[in-house]
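# A closer look at the structure
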Amino acid sequence: MAEANIQSSRKQMRVSRQIWPLAKTYYARARQAKKEGKPVAWTFGFGTPEILHAMGVVPVMPEHYVAVLSAKQKVVDYLQQMDEQGYPRTACTYQRAILGFSLSGDDLLVPEPDFILAVPFCDGTTKAILPLIEHLKVPYYFLDPPFFPGRADSDRRNIDEDVVEYLRLQLEEVITFVEEVTGQPRDPVRFLRTFELAQRCYDLWGEVNELRRTIPCPMGVVDEAGDVYPMMQMPGLPEAVGVYEMLLAEVRERVERGEGVIDNERHRLLWLGPAPNYDTSVLNYFE
């Protein structure tokens, strides 16, 4: 197949250009951990990476790796393999690609997992992961987070206590599950420190997005699409905090200078969901 002439989106933030090197370093760390016999987990959805980091497990998010393959135009073969096996094209492309590269036997950037931790946040996740589990023959845990229909800024304090308890019990089960799979009990000191770092990571991201309310907007979705990566695999690690501290400082500088993504901003488009990783240059069009 001839390679498509694809261009990259135009990143404006200095920190954004450090995200891919950070991700490559993290994947190298995961492969090294696997070689040394340390536990590696695949997480689907937002599968509580903080708990895993706190317990000495290296979490890897296959959905992100699919985005990497897509951006490098190396995902089509895996999708075609799934076509040939009868998986419908109407199914989630991320999940089809994950199955494709997992079943391919190719030497990949991500190591195979010792177990799987999943949060089925879309309808097809549970069914899509089952053949993967059957192929890999690894233990797994599916979290079942309750649906919260309210506004996070106003209704969070009014959540039914039964809902909180339902999720809390599952998180306790996750911790027990990881202890049993790895044979290592939790370290309370490490646990606390990891969650302090994770909370700092989320708080910094929140501050960045508060600044993005400014007119002109100092940071757009082109940068956000990559900058969200540390929250996907690295919450609880000092590196994630460091990246977001730098990002917050850079965004704040742009606000103080009155520097926006575009000149003469008149409209804003809210982009929900994944970016079109195969050709992120389409995002430049909106700007």
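These remarks concern the structure in this document. Please read these numbers as outputs of a predicted model, since none were measured by experiment.

### Some points on the layout of surface pockets
- Roughly 1200 Å³ of internal volume is contained in the second largest pocket.
- Along the walls of the second largest pocket sit 41 residues, with H64, A67, A225, G226 and N277 positioned nearest its centre.
- Listed by contribution, the elements that provide at least two residues to the lining of the second largest pocket are α1 (19-35), α3 (62-71), α5 (93-104), α10 (221-227) and α11 (229-233).
- Residues that form the lining of the second largest pocket fall into these classes: 24 nonpolar, twelve polar and five charged.

### Looking at the packing of aromatic side chains
- A full pass over the atoms with the stated rule returns nine aromatic pairs.
- Between Y78 and F101, the ring centres sit 6.3 Å apart and the planes meet at 75°, which makes this aromatic pair edge-to-face. On the criterion of sequence distance, the pair formed by Y78 in helix α4 (residues 76-84) and F101 in helix α5 is long-range, its members being 23 residues apart. Taken as a pair, Y78 and F101 share a single burial class, namely buried.
- Over the face of the ring belonging to F191 we find R186, whose NZ or CZ atom lies 5.9 Å from the ring centre.

### Comments concerning empty space enclosed by the protein
- In the structure shown here, the tally under the stated rule is one cavity of 30 Å³ or more.
- Of the volumes computed, that of the largest cavity is approximately 40 Å³.
- Forming the walls of the largest cavity are F44, Q95, I98, L99, A128 and I129.
- The set of elements that each furnish at least two residues to the lining of the largest cavity consists of α5 and α6 (125-136).
- For the lining of the largest cavity, the element with the most residues is α5, which contributes three residues.

### Brief notes about the pairing of strand β1 (residues 40-44)
- In terms of burial, β1 is a largely internal element, five of the five residues being buried.
- Here β1 shows a buried face lined by V40, W42 and F44 and a second buried face lined by A41 and T43.
- One crossover worth recording links β1 to the parallel strand β2 (residues 58-60) by way of helix α2 (residues 49-54), and it is right-handed.
- With four bridges joining them, β1 and strand β3 (residues 115-118) adopt parallel strand pairing. Bridge assignment links W42 to a residue of β3, and that residue is I116.

Cut-offs applied
- Residues numbered from 1 in each chain as written.
- Predicted model: local features only at pLDDT ≥ 70, side-chain atom pairs only at ≥ 80, totals over all residues.
- Heavy atoms only, no water.
- 1 Å grid on protein atoms, 1.4 Å probe; cavity = no way out; pocket = protein on both sides within 12 Å on 5 of 7 lines; lining within 4 Å.
- Points joined across faces, edges and corners; volume = space filled by probe spheres on them.
- Helix = DSSP H or I, 4+ residues; strand = E, 2+ residues; numbered from the N terminus.
- Nonpolar A, V, L, I, M, F, W, Y, C, P; charged D, E, K, R; others polar.
- Phe/Tyr/Trp six-rings, centres within 6.5 Å; stacked < 30°, edge-to-face > 60°.
- Buried < 20%, exposed > 50% of the residue type's maximum accessible area, 1.4 Å probe, protein only.
- Lys NZ or Arg CZ within 6 Å of the ring centre and 35° of its normal.
- Right-handed = clockwise from strand over helix to strand, strands pointing away.
- Pairing = 2+ DSSP bridges.

Limitation: the analysis is restricted to geometry and does not speak to function.
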